[in-house]
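Residues per chain, in single letters:
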Amino acid sequence: RGKRAFIAGIADDNGYGWAIAKALAAAGAEILVGTWVPAINIFETSLRRGKFDESRRLLNGSLMEIIKVYPLDTVYDTPEDVPVDVRTNKRYSGASNWTVKEVAESVKNDFGSIDILVHSLANGPEVTKPLLETSRKGYLAAISASSYSFVSLLKHFLPIMNPGGASISLTYIASERTIPGYGGGMSSAKAALESDTRVLAFEAGRKGKIRVNTISAGPLGSRAAKAIGFIEKMIKYSYANAPLQKELLADEVGNTAAFLLSPLASAITGSVVYVDNGLNAMGLAT
Ligand code: NAD
């Protein structure tokens, strides 16, 4: 049979998660999706009504099938962690079993095992604030949603991942070079995510023969990126200064993810792989 992938962090057809799903589907993988609880209704409705049909089309002409969409909030590991105000919030009360532990259990009950785990999500409530103006609460929220979320997903899914499987996350160069505007502790969260990639590659490699890598992606006008506010400027900067002066397509990140998640990359683990038209290699704006 083909490989089975669980992709956390898809809520529309614009982001990197969607492009990764398509590249995996084109390679024959079965696609399961985890969608942020407040966004799942509109995502599933749009899917059902055919709003994404054009962007579901693969190179061979067929449409990507999403086998199942699970509600997910990676800020909470177990039901005991969910505060009453969230549990009773009307954006959450319609869904159930959406903490990380419960979603892993549901996937196990529904399908038994997976081969591929994708983390394509981030959130920093104070992302528009400089680090010097970021509150402790905002900083910790960014780390919780954007870094520990990966630790938690891997921890809970590892027991149902087939040996030889692989996982991936998405990071950004603001972890290692100062990018003014990428605030709220999001730069710190990406630094943690990259460091954790190395430690988790060791631990998951030894424990379950699972590989762990992260893609440092260039700028894309996704929903999350637009919320930060300076994405158009970053896209223009990249176009002007990168070695490859072309638009960066989400599919280029999707294709790299499919490679890293496939047996073609069987000796690659613990790596940060740049998919950014080469911008990371530059030391001077041109
Ligand atoms: P996106 O909006 O498509 O994806 C982000 C997703 O995270 C959304 O679907 C959102 O609903 C989900 N999410 C947020 N908080 C969540 C939570 N607590 N639980 C579950 N889901 C949650 O945007 P994107 O830009 O494609 O982001 C995907 C990844 O790519 C992120 O890690 C982002 O930091 C990274 N990235 C993006 C860029 C860029 O320029 N867009 C560049 C480098 C890295």
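No experiment lies behind these values; they were computed from the predicted model shown. (Residues numbered from 1 in each chain as written. Predicted model: local features only at pLDDT ≥ 70, side-chain atom pairs only at ≥ 80, totals over all residues. Heavy atoms only, no water.)

Some details on the overall build of the chain
Note the cut-off: Secondary structure elements follow DSSP: runs of H or I of four or more residues count as helices, runs of E of two or more count as strands, with numbering from the N terminus. Atoms counted for the radius of gyration: C-alpha only. Globule rule: 2.2 Å times the number of residues to the power 0.38. Classification of residues uses two cut-offs on accessible area relative to the type maximum, computed with a 1.4 Å probe and protein chains only: under 20% is buried, over 50% is exposed, and between them is partly exposed. The contact criterion used is simple: two residues touch if any of their non-hydrogen atoms lie within 4.5 Å. Method for areas: the Shrake-Rupley scheme with a 1.4 Å probe, in which residue coverage is limited to the protein chains shown. Charged residues are defined here as Lys and Arg on the positive side and Asp and Glu on the negative side; His and the ends of the chain fall outside this count. For charged residues, the charge sits on one atom: NZ in Lys, CZ in Arg, CG in Asp, CD in Glu.
Check the secondary structure of the chain and you find eleven helices and seven strands. What you see for the chain is a C-alpha radius of gyration of 18 Å, in line with the 19 Å of a compact globule of 286 residues. Dimensions of the chain, computed from the C-alpha atoms along their principal axes, are close to 55 × 45 × 45 Å. Counting all 286 residues of the chain, 52% fall into the buried class. The long-range share in the chain, meaning contacts at least 24 apart out of those at least 6 apart in sequence, stands at 77%. Carbon and sulfur atoms make up 54% of the accessible area of the chain, which amounts to about 14,100 Å² in all. Seen as two clouds, the 31 positive and the 27 negative side-chain charges of the chain have centres 1 Å apart.

Comments concerning the side chain of Glu126
Inspection of the secondary structure puts Glu126 in the loop between strand 4 (114-119) and helix 7 (136-157). Glu126 sits in the buried class, given a relative accessible area of 13%. If we skip the residues at most four places from it in the chain, Glu126 touches Glu133, Thr134, Ser135, Gly138, Gly183 and Gly184.

Some remarks on the nonpolar core
The condition that has to hold: Here, nonpolar core means buried Ala, Val, Leu, Ile, Met, Phe, Trp, Tyr and Cys residues that are tied together by side-chain atoms lying within 4.5 Å of each other.
Ranked by internal contacts, the top residues of the largest apolar core, which has 39 residues, are Leu24, Ile31, Phe43, Ile66 and Ile215. Among the elements that line this core, the one with the most residues is helix 1 (residues 16-26), at eight residues. When neighbours within four sequence positions are excluded, Leu24 is seen to be in contact with Ala5, Ile7, Ala29, Ile31, Ile116, Val118, Ala258 and Leu261.

Remarks on the layout of surface pockets
Taking a probe equal in size to a water molecule and rolling it over the atoms shows the remaining empty space. The test is simple: Grid points spaced at 1 Å over the protein atoms alone were grouped into cavities, where a 1.4 Å probe fits but cannot get out, and pockets, open sets with protein on both sides within 12 Å along at least five of seven lines, with lining residues defined by an atom within 4 Å of a point. Grid points are joined across faces, edges and corners, and a volume is the space filled by probe spheres set on the points. Residues are grouped as follows: Ala, Val, Leu, Ile, Met, Phe, Trp, Tyr, Cys and Pro are nonpolar; Asp, Glu, Lys and Arg are charged; every other residue, Gly included, is polar.
Within this model, the second largest pocket holds a volume of roughly 490 Å³. If you trace the second largest pocket, you find 22 residues lining it, with Ile173, Arg177, Ile179, Tyr237 and Leu279 closest to the centre. With four residues, helix 10 (residues 231-241) is the largest single contributor of residues to the lining of the second largest pocket. In the lining of the second largest pocket, the residues fall into 13 nonpolar, six polar and three charged.

Side note on the packing of helix 7 against helix 8 (residues 186-208)
Test applied: Interaxial angles span 0 to 180 degrees and are taken between N-to-C directions of axes, which are lines fitted to C-alpha atoms, for helices over the stretch in contact. Put simply, angles under 35 degrees are roughly parallel, angles over 145 are roughly antiparallel, angles from 65 to 115 are roughly perpendicular, and the rest are oblique. We call a crossing left-handed when the near helix sits turned anticlockwise from the far one by less than a right angle, and right-handed when that turn is clockwise.
One can describe the packing of helix 7 onto helix 8 by two numbers: an axis separation of 9 Å at closest approach and a directional angle of 20°. Viewed along their axes, helix 7 and helix 8 adopt a mutual orientation that is roughly parallel. In this structure, the crossing between helix 7 and helix 8 has a hand that is right-handed. Packed against helix 7, whose contacting residues are Tyr139, Ala142, Ile143, Ser146, Ser147, Phe150, Val151 and Leu154, the element helix 8 presents Met186, Ser188, Ala189, Ala192, Leu193, Asp196, Leu200 and Ala204 at the interface.

Note that every value here comes from positions in space, so none of it alone points to a role or purpose.
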